[in-house]
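# Analysis of the macromolecular model
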Amino acid sequence: MGDLLVLWDIDHTLIENYGVNKEIYGWAFELLTGQPAVHRARTDGRTEPEIMRNMLLEHGIEPTTDHAARALEVLDSATLSRIDAMRERGHELPGARDALVALRSTPGVVQSVLSGNIRPNAITKLSAFSLEGFLDFEIGGYGSDDSARDNLVAFAQRRASEKFGVLFDKSNTVLIGDTARDVQAGRNGGAHVVAVASGSASMEELQAAGADLVLADLRDTDAVLAAVTSFSR
Ligand SMILES: [Mg+2]
């Protein structure tokens with residue numbers, strides 16, 4: 001088969017955090033503003049910079065360029081401070097590791113992430129479950145690249161094209177994610193989308209959002225492999 005760029009979402013697709021993410025955003029908000037968060041973060045596939053900006057607005061604080069600049073630093077340190085809780089309360093999702101292993105041994109496949117997490121947090125969270133070794137973090141698209149998830153596909157494709165000397169565009173890029181925002185990012189950004197209903201969105205909702213293929217979860221490795229590689233040229 002030809003070259004194929006596979007871009008994984010992280011939260012609720014590869015790993016489950018059981019509310020630790022919301023604690024991280026609460027603590028990041030406190031580090032950023034000096035006041036405790038009263039309103040919980042709304043995530044659902046939003047990028048981390050977008051989550052922080054929305055939290056500021058919900059607390060009646062007008063986001064400034066200083067907030068945006070310091071958000072990356074506080075998100076990084078808030079995540080590092082909760083990594084033990086992430087490891088204790090969270091877990092890798094069933095089938096995630098087997099899917100990563102199967103795709104790693106598929107010729108032509110390059111695996112990275114397309115994540116609303118800023119780059120250091122993508123690595124930190126996956127490292128908590130020893131899943132980071134399957135993914136190439138030099139490429140990929142991150143919340144630290146752009147606060148709009150739709151724009152992250154182009155970052156990932158450009159990085160992968162430059163690194164491997166192969167043109168990656170919609171014809172050979174597959175995004176795997178659990179939210180309507182993942183589906184939208186693929187449709188608007190230029191990637192095929194395999195959606196997994198392991199987050200809060202149902203299979204029907206992901207289908208309605210326009211996913212090319214929808215799986216209940218990653219448990220059936222052969223089905224995941226078949227779905228992802230169905231888009232290789
Ligand atoms: Mg997700």
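In what follows, the accompanying structure is described. Just so it is clear, the model here is predicted, and its values are computed rather than measured.

## What to know about the overall build of the protein chain
Within the protein chain, the regular secondary structure consists of 10 helices and 7 strands. Here the protein chain has a C-alpha radius of gyration of 17 Å; the compact-globule value for 233 residues is 17 Å, and the two agree. Reported as C-alpha extents along the three principal axes, the dimensions of the protein chain are approximately 55 × 35 × 35 Å. Within the structure as shown, the protein chain displays about 9,700 Å² of accessible surface, and the carbon and sulfur contribution to it stands at 50%. Between the centroid of the 22 positive side chains of the protein chain and the centroid of its 34 negative side chains there is a distance of 2 Å.

## Here we look at the coordination of the magnesium ion
Taken together, the protein ligands of the magnesium ion are Asp9 (OD), Asp11 (O) and Asp178 (OD), with distances of 2.1 to 2.2 Å. Positions of the donor residues of the magnesium ion, expressed as sequence spacing, correspond to D-x1-D-x166-D. A single burial state applies to Asp9 and to Asp11, both of which are buried.

## A short note on the sheet that holds strand 5 (residues 173–177)
Hydrogen bonding along the main chain pairs the strands of a sheet, whether they run parallel or antiparallel. Ordered in space as 4-1-5-6-7, the 5 strands form an open sheet in which the pairing is parallel. The two strands at the open ends of the sheet, each matched to only one other strand, are strand 4 (109–113) and strand 7 (213–215). The average undirected angle you get between the axes of adjacent strands in this sheet is 20°. As paired strands, strand 5 and strand 6 (residues 192–196) are joined by 4 bridges and run parallel to one another. Of the residues in strand 6, the one forming a bridge with Val174 is His192. Along the sheet face, helix 7 (residues 152–164) touches strand 1 (4–8), strand 4 and strand 5 and points at about 135° away from the line of strand 1.

## Thoughts on the nonpolar core
Counting 50 residues, the largest nonpolar core has Trp8, Leu14, Leu126, Leu135 and Val228 as its most contacted members. In contact with Val228, not counting residues within four places along its chain, are Leu4, Val6, Leu103, Val174, Ile176 and Val194. Judged by nonpolar contacts, the second largest core, of 21 residues, contains Val110, Leu152, Ala156 and Ala211.

## A word on helix 10 (residues 221–229)
Residues Val224, Ala227 and Val228 constitute the buried set of helix 10. Viewed end-on, helix 10 has its buried residues packed into an arc of 95°, placing them on one side of the element. Residues of helix 10 that are buried sit in contact with strand 1, helix 5 (96–104), strand 5, strand 6 and strand 7. Between a side-chain oxygen at the N-terminus of helix 10 and the backbone nitrogen of Asp222 the separation is 3.2 Å; the capping residue is Asp220.

## What about helix 8 (residues 180–189)?
Turning to helix 8, its buried residues number three or more, namely Asp182, Val183, Ala185 and Gly186. The arc that holds every buried residue of helix 8, seen down its axis, measures 160°, which confines them to one face. Summarising the geometry of helix 8, the exposed residues directed more than 90 degrees from the buried face are Arg187 and Asn188. Close packing links the buried residues of helix 8 with helix 7, strand 5, strand 6 and helix 9 (203–209). Two residues or fewer past helix 8, Gly190 is found with a positive phi of approximately 100°.

## Some details on the side chain of Thr47
Looking at the secondary structure, you find Thr47 in the loop between helix 1 (20–33) and helix 2 (48–58). Owing to a relative accessible area of 0%, Thr47 belongs among the buried residues under this scheme. Filtering out sequence-adjacent residues up to four positions away, Thr47 remains in contact with Gly116, Gly143, Asp146, Ser147, Ala148, Arg149 and Leu152.

## A few points about the packing of helix 1 against helix 3 (residues 65–81)
Helix-helix packing is characterised by the crossing angle of the two axes and by the distance between the axes. Viewed as axis vectors pointing N to C, helix 1 and helix 3 meet at an angle of 130°, and their least axial separation amounts to 8 Å. As summarised for this structure, helix 1 and helix 3 are arranged oblique, according to the angle between their axes. As helix 1 runs across helix 3, the sense of the crossing is right-handed. Where helix 1 abuts helix 3, its residues Ile24, Tyr25, Trp27, Ala28, Leu31 and Leu32 lie against His67, Arg70, Ala71, Val74, Leu75, Ser77, Ala78, Thr79 and Ser81. When the residues that make up the contact of helix 1 with helix 3 are grouped by side-chain class, the tally is 10 nonpolar, 4 polar and 1 charged.

## Things to note about the pairing of strand 6
Where burial is concerned, most of strand 6 is hidden: 5 out of the 5 residues are buried. Residues His192, Val194 and Val196 point to one face of strand 6 and Val193 and Ala195 to the other, with burial holding for every one of them. For the handedness criterion, the β-α-β arrangement of strand 5, helix 8 and strand 6 is classed as right-handed. Two strands pair when backbone bridges link them, and strand 6 and strand 7 are joined in this way by 3 bridges, in the parallel orientation.

What counts, and where the lines are drawn
Residues numbered from 1 in each chain as written. Predicted model: local features only at pLDDT ≥ 70, side-chain atom pairs only at ≥ 80, totals over all residues. Heavy atoms only, no water. Helix = DSSP H or I, 4+ residues; strand = E, 2+ residues; numbered from the N terminus. Rg over C-alpha atoms; globule rule 2.2 N^0.38 Å. Areas by Shrake-Rupley, 256 points an atom, 1.4 Å probe, with all protein chains shown as cover. Lys, Arg positive; Asp, Glu negative; His and termini not counted. Charge placed at Lys NZ, Arg CZ, Asp CG, Glu CD. Donors = N, O, S within 2.8 Å, 3.2 Å for Na, K, Ca; no water. Buried < 20%, exposed > 50% of the residue type's maximum accessible area, 1.4 Å probe, protein only. Pairing = 2+ DSSP bridges. Axes fitted to C-alpha atoms, helices over the stretch in contact; angles between N-to-C directions. Contact = heavy atoms within 4.5 Å. Core = buried A, V, L, I, M, F, W, Y, C linked by side-chain atoms within 4.5 Å. Arc of directions from axis to C-beta. Polar contact = N/O pair within 3.5 Å; in protein donor to acceptor, adjacent residues only side chain to side chain. Parallel < 35°, antiparallel > 145°, perpendicular 65-115°, else oblique. Left-handed = near helix turned anticlockwise from the far one by under 90°. Nonpolar A, V, L, I, M, F, W, Y, C, P; charged D, E, K, R; others polar. Right-handed = clockwise from strand over helix to strand, strands pointing away.

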